[in-house]
Amino acid sequence: MSEREAIAKARRIVVKAGSSSLTTPQGTIDANRIDALVDVLAARRAGGAEIVFVSSGAIAAGLGPLGLTRRPRDLATQQAAASVGQGLLFARYTSSFARYGVTVGQVLLTADDMIRRSHHRNAQRTLEQLITLGILPIVNENDTVATDEIRFGDNDRLAALVAHLTRADAVVLLSDVDALYTGDPRRPGVRRIADVRGPADLAEVELGGSGRVGTGGMVTKVEAARIAGVPVVLTNAASAAHALAGDEVGTLFHPADGRRMSTRDLWLAHATTGQGRVTLDAGAVDAVVRRRKSLLPAGVTGVEGDFAAGDPVDLCDPEGRVVARGLVHYDASEIPELMGRSTRWLARELGAEYEREIIHRDHLVVLTRQ
C-alpha cells in the first residue's frame, strides 16, 4: 500500500490549518473559509476516521477587535490578542461543526504539557477520552500563558507532536500554498516537489519565511514533517478534501525509517531553544551521547548564559559543538561551584540535595550522532 493510500485509509488523522487559511487579510475570522474546511473534516469523520484538528488563528482573530492592523511582535500584545481571539475562533468552530451534529472540545496545550510527565499523561488521556466520547478535539497552543523561552514556536511543530501524543496515522498540514516548491511558486522555472523521502529531495529548495499573520513558514513545515513519524501531506485548504482522499495533491513527506522519538524528546529537540550552554569534557560527551547517561557535575568544564533550574540548555563538546539539549536541575550561577566535582563530594561538602545530576537522562535528548 502506498503512502497516499495509507492516508486515504488512515483511522486517525491530525489536520492542521494555518492562520492564513482561516482569516481575512485584515485579520478577522473568515466564516466562509471555516465552513468550507469544516465541511471537509466532517465528511471524512462521517466516513469513519477520527479527526484531531490543530487550529491556528487565535492571535490573528484577535487583531480586528483590538484595532491592530498586523500581528504584534511583543509577547504581551500577542497574548492579549490570543485571549480575545481564541474565544471568537472556537465559538465559530462550535457553530460550524454543529451543522453536522458534531460536538467539539477545546484543548489548549503548553510546552510544559509535553515535558512534565504528569501533564503529558493528562493531555494524552484527555485527547483519547474526547475521541472515545465522539468529540472532535480542536487543539491550539495556549498563547495566553506561553513564554518566548518555553513554547512550541508554531502550530506545525505542535501538529507533529500531537500526532505522537494521539498515535495518529497521518498528518495533513494546510497552508497558504498548495505544495512545497523549489522556490517562490510565482517565479518562472520553479517546480513543485511531489514527494520528499529524504534530505536529497530538498537539496534545491529555497525555504522562505512566514506570512503576515502566521508564525510558520516552509522551514517549520519541513521540520514538522520530519519529526511527525507518519506520512504528512502539505497543501492548501482548498485541496484538503483531495489530500484526505489520498489524491496526488500537494507534497507528500514519507516517514523516515527508524525508532520514533518520544513526544517529550521531540519537543525538546525541535521546539525549544537552549537558554544557555554547558561545556562537557570528552568523557562526559561519550557518556551522554553514546551511552545515554545523565550529565554529572564531574564532566562539566564550563557554563554560559543566565538560565534557571528547569530551563532547556545546550550541551557542547570541547570544540563548542552542540551535541545534546536537556532540562537543567540547577541555576547557571550554581554550576561553577559544582564543575569537576563528584556527586559524593558535593553531598558531603554542600549537603544531600547536591547529590544529583546536572541533567537527568530522562530530560535529555541527543542532537548529534557519533
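Residues numbered from 1 in each chain as written. Predicted model: local features only at pLDDT ≥ 70, side-chain atom pairs only at ≥ 80, totals over all residues. Heavy atoms only, no water.

Spelled out, the test is: UniProt positions are given in the numbering used here, feature names are shortened, and annotations may be inferred rather than shown by experiment.
By the naming in an unreviewed UniProt entry, the protein goes by Glutamate 5-kinase and is assigned to Actinomadura nitritigenes. Its UniProt record gives the protein a comment under Sequence similarities (unreviewed entry), which states: "Belongs to the glutamate 5-kinase family."

**Here we look at the confidence of the model for the protein**
How we decide: Confidence of the predictor at the level of single residues is captured by pLDDT, which takes values from 0 to 100. Whether two residues touch is decided by their heavy atoms; if any such pair falls within 4.5 Å, the residues are in contact.
The pLDDT averaged across the protein works out to 85; a share of 89% of its residues lies at or above 70. Every residue in residues 209–216 is under pLDDT 50, and counting partners more than four places away or in other chains gives 27 contacts.

**Considerations on the packing of helix α2 (residues 31–46) against helix α4 (residues 75–98)**
So the rule is basically this: In this analysis an axis means a line fitted to C-alpha atoms, helices contributing only their contacting stretch, and an angle means the value between N-to-C directions, from 0 to 180 degrees. Numbering of helices and strands starts at the N terminus; helices are DSSP runs of H or I of at least 4 residues and strands are runs of E of at least 2. The labels follow the angle: roughly parallel below 35 degrees, roughly antiparallel above 145, roughly perpendicular from 65 to 115, and oblique for the rest. Each crossing gets its hand from how the near helix is turned against the far one by less than a right angle, where anticlockwise is left-handed and clockwise is right-handed. When residues are sorted by character, Ala, Val, Leu, Ile, Met, Phe, Trp, Tyr, Cys and Pro go into the nonpolar class, Asp, Glu, Lys and Arg into the charged class, and all the rest, Gly among them, into the polar class.
Between α2 and α4, whose axes approach to 10 Å, the crossing angle comes to 50°. Judged on the interaxial angle alone, α4 and α2 are oblique. Crossing of α2 against α4: the hand is right-handed. Here A31, I34, D35, V38 and L41 of α2 lie close against α4, whose contacting residues are L89, R92, Y93, S96 and F97. Partitioned by chemical class, the residues of the contact of α2 with α4 number seven nonpolar, one polar and two charged.

**Description of the nonpolar core**
Our working definition: Residue types Ala, Val, Leu, Ile, Met, Phe, Trp, Tyr and Cys, when buried and joined through side-chain atoms within 4.5 Å, form a set referred to as a nonpolar core. Only protein chains enter the calculation, and the probe is 1.4 Å; a residue is then buried if its accessible area is under 20% of its type maximum, exposed if over 50%, and partly exposed in between.
One finds V14, L109, V139, V162, V171, L180 and F253 to be the most contacted residues of the largest nonpolar core, which totals 41 residues. Elements with a minimum of two residues in this core: β2 (50–55), β3 (104–109), α6 (117–132), α7 (155–165), β5 (170–175), α8 (218–228), β9 (232–236) and α10 (263–270). Here this core gets seven residues from one element, more than from any other, and that element is α7. Of all hydrophobic cores here, the second largest spans 31 residues; its members include I13, A17, I51 and F53.

**Some remarks on the sheet that holds strand β1 (residues 12–17)**
Note the following rule: Two strands pair under a simple rule: DSSP has to find at least two bridges between them.
Pairing within the open sheet is mixed, and its eight strands lie in the order β3-β4-β2-β1-β5-β9-β10-β8. The open sheet has two edge strands with one neighbour each: β3 and β8 (195–196). As paired elements, β8 and strand β10 (residues 251–253) share two bridges and run parallel to each other. Residue pairing for β10: V196 is matched across the bridge by F253. The strands touched by α4 within the sheet are β2, β3 and β4 (136–141), with β3 carrying the most contacts at an inclination of about 150°.

**Some words on the pattern of salt bridges**
It is possible for side chains of opposite charge to pair when their charged atoms get near one another. To keep things clear, this is the line we draw: Salt bridge, as used here: a side-chain nitrogen of Lys or Arg that lies within 4 Å of a carboxyl oxygen of Asp or Glu.
Summed over the entire model, instances satisfying the criterion amount to 18 salt bridges. Across the pair D35 and R99 runs a salt bridge whose closest N-O atoms are separated by 3.8 Å. With a gap of 64 residues between them, D35 in helix α2 and R99 in the loop between α4 and β3 connect regions that are remote in the sequence. We classify D35 as buried; its relative accessible area is 18%. Where E204 meets R191, a salt bridge forms, and the shortest distance between an N and an O atom there is 3.5 Å. Highlighted residues: E204 in the loop between β8 and α8 and R191 in the loop between β6 (180–181) and β7 (192–193), separated in sequence by 13 residues. Looking at E204, the relative accessible area reads 54%, which means it is exposed.

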